[in-house]
Amino acid sequence: MDTLMSLRVFCTVAELKSFTAAADRLGLSPAMASKHVMHLENRLGTRLLNRTSRHVSMTESGMLYFNQSRQMLDGLDEVEAAVSNVTVMPRGTLRLSAPVWIANALVARALAEYHQRYPDVRFDMDLSGRIVNLVDEGFDLALRATTPGRLDPGLVARPLLQVPFHLVGSPAYLARTGRPAEVSNLNGHSLLACSGMNASGNFALDGRKGPETVSFRTVMQSENEIMLHLAALEGMGLVFLPVWMTQADVADGHLEMVLPEDVTFKATLHAVYPTRKYLSAKVRTFIDFLASRKSLCPMSAETQLAT
């Protein structure tokens, strides 16, 4: 039996979680698709899939085998296309990790545009906010907003655009505590801190009078920006959030920007992936697509980075 075909069948079954759906896609009978997977299991001496009458799921060994096999098949398709001068259309599941705040209308619109252009690509998105291990967990790429020095040197990072962050608070909180007139007035204010920020609450900020160190009082810390956003709306404290999350609330008067000329900063959104070698069509086209979407950044086109 053709082991390469068996690999394709296994990966398709694992992605679709169905022998019948995989067989339909590959032009096989469900029985033949099952034989291909059994061929791999016999060859490896381990079970790759758990099967019931209604459900198919990967075993631990199956997950490891799937992650490695899928990358190999994507690379093989790219090599064959390069040799034969045939353009490979992006297809398959694109596993993507991104910050919670990526869930916004602008990004959703961009995903819809990409899907309309490449309908054979399906998205599997992790928006938990955690830093995933791309290779071990089988992710194709991650979107991470940070400075280049804080990225894993073993990964490829392509800068896409700059996302401005503002310090914001609710009108009720600011009426209760007083609206800061200068950076030094921020000392002692309650802070809703995103995990990964300085837990002590001490920040070096560049005010109009020069660099100043501000000591906030951290009242909540979370890796979920949605929770921090909601807490800010309830008047718990001030929070640094990307403009994508706050612009509507600021426009409606539910939040106020605090010293926007003094404490605004920009984080670079990077597309991060394991290697440039044999980059699959779905990953390459998605990164190029995001880099071309000037409408994603809620600022002027001048904030876009060269790609």
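Residues numbered from 1 in each chain as written. Predicted model: local features only at pLDDT ≥ 70, side-chain atom pairs only at ≥ 80, totals over all residues. Heavy atoms only, no water.

Novice: Would you mind going over the overall build of the protein chain with me for this structure?
Specialist: Looking only at helices and strands, one finds 10 helices and 13 strands in the protein chain. The 307 residues of the protein chain split such that 45% are buried. Contacts in the protein chain between residues at least 24 apart in sequence constitute 74% of all its contacts with a sequence separation of at least 6. As displayed, the protein chain has an accessible area near 15400 Å², and 53% of this comes from carbon and sulfur atoms. (Helix = DSSP H or I, 4+ residues; strand = E, 2+ residues; numbered from the N terminus. Buried < 20%, exposed > 50% of the residue type's maximum accessible area, 1.4 Å probe, protein only. Contact = heavy atoms within 4.5 Å. Areas by Shrake-Rupley, 256 points an atom, 1.4 Å probe, with all protein chains shown as cover.)

Novice: How should the confidence of the model for the protein chain be read in this particular structure?
Specialist: Detailed conclusions should not be drawn from predicted coordinates in areas where pLDDT is low. Overall, the prediction assigns the protein chain a mean pLDDT of 83, with 85% of residues at 70 or greater. For the stretch residues 299–307, pLDDT sits under 50, and the model shows 20 contacts to residues farther than four places along the chain or on other chains. (pLDDT = per-residue confidence, 0-100.)

Novice: Mind showing me how you'd approach the packing of helix H2 (residues 19–26) against helix H3 (residues 30–44) here?
Specialist: When two helices pack together, their arrangement is given by the angle between their axes and by how far apart the axes lie. Look at H2 against H3: their axes get within 8 Å of each other, and the N-to-C directions meet at 100°. On the basis of the axis angle, H2 is roughly perpendicular to H3. Side by side, H2 and H3 meet where Phe-19, Thr-20 and Ala-23 of the first sit next to Pro-30, Ala-33, Ser-34 and Val-37 of the second. Of the residues contributing to the contact of H2 with H3, the split by class is 5 nonpolar, 2 polar and no charged. (Axes fitted to C-alpha atoms, helices over the stretch in contact; angles between N-to-C directions. Parallel < 35°, antiparallel > 145°, perpendicular 65-115°, else oblique. Nonpolar A, V, L, I, M, F, W, Y, C, P; charged D, E, K, R; others polar.)

Novice: Would you mind going over the environment of Tyr-118 with me for this structure?
Specialist: Positionally, Tyr-118 belongs in the loop between helix H5 (105–117) and strand E4 (121–126). For Tyr-118, a relative accessible area of 16% gives the class buried. Distance from Tyr-118 to Phe-286, taken between C-alpha atoms, is 9.5 Å for residues 168 residues apart in sequence. In this structure, Tyr-118 is in contact with Met-89, Pro-90 and Thr-285, ignoring residues within four places of it in sequence.

Novice: Would you mind going over the packing of aromatic side chains with me for this structure?
Specialist: Evaluation of the coordinates by the stated rule reveals 10 aromatic pairs. Residues Tyr-114 and Phe-289 carry aromatic rings whose centres are separated by 5.6 Å and whose planes lie at 70° to one another, so their mutual orientation is edge-to-face. Taken as a pair, Tyr-114 in helix H5 and Phe-289 in helix H10 (residues 281–292) lie far apart in primary sequence, 175 residues in all. Here Tyr-114 falls in the buried class, since its relative accessible area comes to 0%. (Phe/Tyr/Trp six-rings, centres within 6.5 Å; stacked < 30°, edge-to-face > 60°.)

Novice: Sorry, what's going on with unusual backbone geometry here?
Specialist: Among all residues except glycine, the phi angle is most often negative; among peptide bonds, the trans geometry is most common. Even without being glycine, Lys-17 reaches a positive phi, approximately 55°. Here Lys-17 shows up in the loop between helix H1 (3–16) and H2. For Lys-17, a relative accessible area of 52% corresponds to the exposed category.

Novice: Just checking my understanding: could you explain a nonpolar patch on the surface for this structure?
Specialist: Where nonpolar side chains cluster on the molecular surface, the patch consists of Ile-226, Met-227, Leu-230 and Leu-233 and spans about 320 Å² of accessible area. Among the structural elements, Met-227 can be located in helix H7 (residues 225–233). (Patch = residues over 30% accessible without salt bridge, like charges linked within 9 Å, V, L, I, M, F, W, Y side chains within 5 Å. Salt bridge = Lys/Arg side-chain N within 4 Å of Asp/Glu carboxyl O.)

Novice: I would appreciate a short explanation of H10 in the present structure.
Specialist: It helps to recall that an α-helix has 3.6 residues per turn; residues three or four apart then point in one direction. For H10, spanning 12 residues, the distance from its first C-alpha to its last is 16 Å, which sits close to the expected 16 Å at 1.5 Å a residue. Counting buried positions along H10 yields 9 of 12 residues, so the element is predominantly enclosed. Those residues of H10 that sit buried are Ala-281, Lys-282, Val-283, Thr-285, Phe-286, Ile-287, Phe-289, Leu-290 and Ala-291. (Expected span 1.5 Å × (residues − 1).)

Novice: Where do I start with the pattern of salt bridges in this structure?
Specialist: Any two side chains of opposite charge can pair if their charged atoms end up close together. Under the definition given, this model contains 6 salt bridges. Note that Glu-41 is salt-bridged to Arg-51, the shortest N-O span being 3.1 Å. Taken together, the residues Glu-41 in helix H3 and Arg-51 in strand E1 (residues 49–51) connect sequence positions 10 residues apart. On the accessibility criterion, Glu-41 (10% relative accessible area) is buried. Classification of Arg-51 as partly exposed rests on a relative accessible area of 29%.

Novice: What am I meant to see in the environment of Phe-203 here?
Specialist: Mapping Phe-203 onto the fold places it in strand E8 (residues 202–207). Since its relative accessible area comes to 13%, Phe-203 is described here as buried. Taking the C-alpha atoms as reference points, Phe-203 and Thr-213, 10 residues apart in sequence, are found 5.5 Å from one another.

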